[in-house]
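# Architecture and fold: a report
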Amino acid sequence: MSAAEPPGVAEFTQHRPLLFSIAYEILGSVADAEDVLSESWLRWQEGDRSEVENPRAYLARIVTRQALNAARASSRRRETYVGPWLPEPLESTAEDSGLDHVLSGEAVTTAMLLVLESLTPDERAVFVLREVFDFGYGEIADAIGKSQPTVRQIAHRARNHVRARRPAAVADPEDARAVAERFLTAAATGNLQELMDTLSPGVVYMGDGGGVVAAARRPIEGAARVARMAAGLFAKAPTLGEVGMRMTVVNGMPSLVVTIDGDLDSVVSVEVTGEKVTAVYAVRNPVKLDGLR
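For clarity, every value in this text was computed on a predicted model and none was experimentally measured. Every chain is numbered independently, its residues counted from 1 as its sequence is written. Given that the model is predicted, a residue must reach a pLDDT of at least 70 before its local features are reported, and side-chain atom pairs must reach 80 or more before they are shown or counted; all residues, however, enter totals for whole chains, interfaces and linings. Computation of side-chain values covers all heavy atoms of the structure but excludes hydrogens and water.

### Notes on the packing of aromatic side chains
Aromatic pairs are defined between Phe, Tyr and Trp rings, using the six-membered ring for Trp, whenever the two ring centres lie within 6.5 Å; interplanar angles under 30 degrees are classed as stacked, those over 60 as edge-to-face, and all others as tilted. In total, this model carries 3 aromatic pairs according to the counting rule given. Ring plane angle 15° and centroid distance 6.1 Å describe the contact between phenylalanine 20 and tyrosine 24, whose orientation is recorded as stacked. Highlighted residues: phenylalanine 20 and tyrosine 24, both in helix H1 (residues 9–27), separated by 4 residues, approximately one helical turn. Burial classes: relative accessible area under 20% of the type maximum marks a residue as buried, over 50% as exposed, and values in between as partly exposed (1.4 Å probe, protein chains only). Taking relative accessible area as the criterion, phenylalanine 20 reaches 9% and is therefore assigned buried. Tyrosine 24 gets classed as buried once you look at its relative accessible area, which sits at 1%. Ring centres of tryptophan 44 and tyrosine 58 lie 5.8 Å apart, and the angle between their planes is 55°; on these two criteria the pair is classed as tilted. Taken together, the residues tryptophan 44 in helix H2 (residues 30–46) and tyrosine 58 in helix H3 (residues 55–78) connect sequence positions 14 residues apart. The exposure class assigned to tryptophan 44 is buried, which follows from its relative accessible area of 2%. Ring-over charges, as used throughout, are those where CZ of Arg or NZ of Lys falls within 6 Å of the ring centre and within 35 degrees of the ring normal. It is arginine 49 that lies over the ring of tryptophan 44; its NZ or CZ is 5.4 Å from the centre. The ring of tyrosine 137 has arginine 130 lying over it, and the distance from NZ or CZ to the ring centre is 4.2 Å. Helix and strand definitions follow DSSP, with helices as H or I runs of at least four residues and strands as E runs of at least two, each counted in order from the N terminus.

### Considerations on the packing of H1 against H2
As a rule, the C-alpha atoms of each element are fitted with a line to give its axis, helices using only the stretch in contact, and angles between N-to-C directions run from 0 to 180 degrees. One can describe the packing of H1 onto H2 by two numbers: an axis separation of 9 Å at closest approach and a directional angle of 140°. Comparing their axes, H2 and H1 come out oblique. Here H1 runs over H2; the crossing is right-handed. Contacts between H1 and H2 involve Val9, Glu11, Phe12, Arg16, Leu19, Phe20, Ala23, Tyr24 and Leu27 from the first element and Val30, Asp32, Ala33, Glu34, Val36, Leu37, Ser40, Trp41 and Trp44 from the second. Three classes are used, and their members are as follows: Ala, Val, Leu, Ile, Met, Phe, Trp, Tyr, Cys and Pro are nonpolar, Asp, Glu, Lys and Arg are charged, and the others, Gly among them, are polar. Partitioned by chemical class, the residues of the contact of H1 with H2 number 13 nonpolar, 1 polar and 4 charged. Reported orientations rely on four angle classes, namely roughly parallel under 35 degrees, roughly antiparallel over 145, roughly perpendicular from 65 to 115, and oblique for the rest. Helix crossings fall into two classes, left-handed where the near helix is turned counterclockwise from the far one by less than a right angle and right-handed where it is turned clockwise. The contact criterion used is simple: two residues touch if any of their non-hydrogen atoms lie within 4.5 Å.

### Quick look at the environment of arginine 16
Relative to the elements of secondary structure, arginine 16 occurs in helix H1. Considered as a pair, arginine 16 and leucine 59 are 43 residues apart in the sequence and their alpha carbons are 9.1 Å apart. Throughout this description, a polar contact denotes any pair of N or O atoms lying within 3.5 Å of each other; where both atoms belong to protein, one of them has to be capable of donating a hydrogen while the other can accept it, and for residues adjacent in sequence the pair is counted only when both atoms sit in side chains. Polar side-chain contacts of arginine 16 include one of 2.6 Å to the side chain of glutamate 34.

### Topic: the packing of helix H5 (residues 121–132) against helix H7 (residues 148–165)
At a minimum axis distance of 9 Å, the contact between H5 and H7 shows a crossing angle of 90°. The pairing of H5 with H7 is recorded here as roughly perpendicular in orientation. Here Asp122, Glu123, Val126, Phe127 and Glu131 of H5 lie close against H7, whose contacting residues are Val151, Ile154, Ala155, Arg157, Ala158, Arg159 and Val162. Here the residues of the contact of H5 with H7 are counted per class, giving 7 nonpolar, no polar and 5 charged.

What is shown is where atoms sit, not what they do.
The structure is reproduced here in structure tokens:
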């Protein structure tokens, strides 16, 4: 540690990727997860670390408790949210590989995060710590302030809930990209038959504008309706200004980042199961796009 480095910074920095992932998967928000980490850093820095034998478990406990407080507050805000609520986009980069956390894959897909939204805050925290990060029941009990038998009951209940509502495992981003590109190309060219060929019969489109910008107020279901919606959106885009697009991976899915006249307009993520598009998630709420600007 350098002379100017605050006490405890090395341990916090070492575990920060894991801590961020815990907070994000409990909250579904990059901004809220960063706020939780800031508050947790202050508590870690100001606390007595002399008897801390396991910094990873201790820091996870601090972050989990702060995330639970934030989750209880955010669940009340979401009761009045305008239109569908989608998780804040989390972009994967090459630097993510090998870190002690999950930034891609099933745990962080929009479909899974929406399932986790239906859990209580305690159920979600227990599920994330146990099923995603493989923490022991004793560590989880310390983190949420409940007994081990209670934690085991919560874990069992959460697993059953997720299992009943869990969508079929989505395709790996690399495997899904070709299908997503066929879908996006067909939408951009207005080829409805090509579009229909890429879509699952039960495909769903969800748009999140948060009441701030235009977006569908309800999910749109069915291949024909989603095909018309996608083609219509692509046809309308050039009338709004100069359109820019780039492909990336967001929440473990191939995604299109769209700009209008240089300003970030939306992130469109394409969920692929097997070889068909099963969902399209469009985040337009400007507050949720700050992390990608």
